Amino acid sequence: MISLRLAIIQGEKNMHRTLLTTLIFIFLILFIISPFAALANLMLVLLVAAFFFLLGSVLQAIVGKKTDSHS
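Our subject in this report is the structure included herewith. (Residues numbered from 1 in each chain as written. Predicted model: local features only at pLDDT ≥ 70, side-chain atom pairs only at ≥ 80, totals over all residues. Heavy atoms only, no water.)

As a further point, take the overall build of the chain. Secondary structure assignment for the chain yields 2 helices and 0 strands. Each of the 71 residues in the chain was classed as buried or not, and the buried ones make up 0%. Here the chain has roughly 7,000 Å² of accessible surface; of this, 76% comes from carbon and sulfur atoms. (Helix = DSSP H or I, 4+ residues; strand = E, 2+ residues; numbered from the N terminus. Buried < 20%, exposed > 50% of the residue type's maximum accessible area, 1.4 Å probe, protein only. Areas by Shrake-Rupley, 256 points an atom, 1.4 Å probe, with all protein chains shown as cover.)

Taking 1.5 Å of rise per residue, 24 residues should cover 34 Å, and helix α2 (residues 40–63) covers 35 Å from first to last C-alpha, within 8% of that figure. Positive backbone phi, at 110°, marks Gly64, one or two positions downstream of α2. (Expected span 1.5 Å × (residues − 1).)

Worth remembering: the numbers are spatial, not functional.
Here it is as structure tokens:
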């Protein structure tokens, strides 16, 4: 019974160490990326614009209009 408890405690220590390592890694990544957070709104606008351009191109291809201006 005591060896089972020791095994459980050892497993919990390993799990805590894994969780701690994962959290430290996540905070490190956030620390590296956080200076670029000011550009997040601009990136959202660019993402929406790119989505609409893609949607327009797909709809033009489905409808059958010329999508290539050189032909």
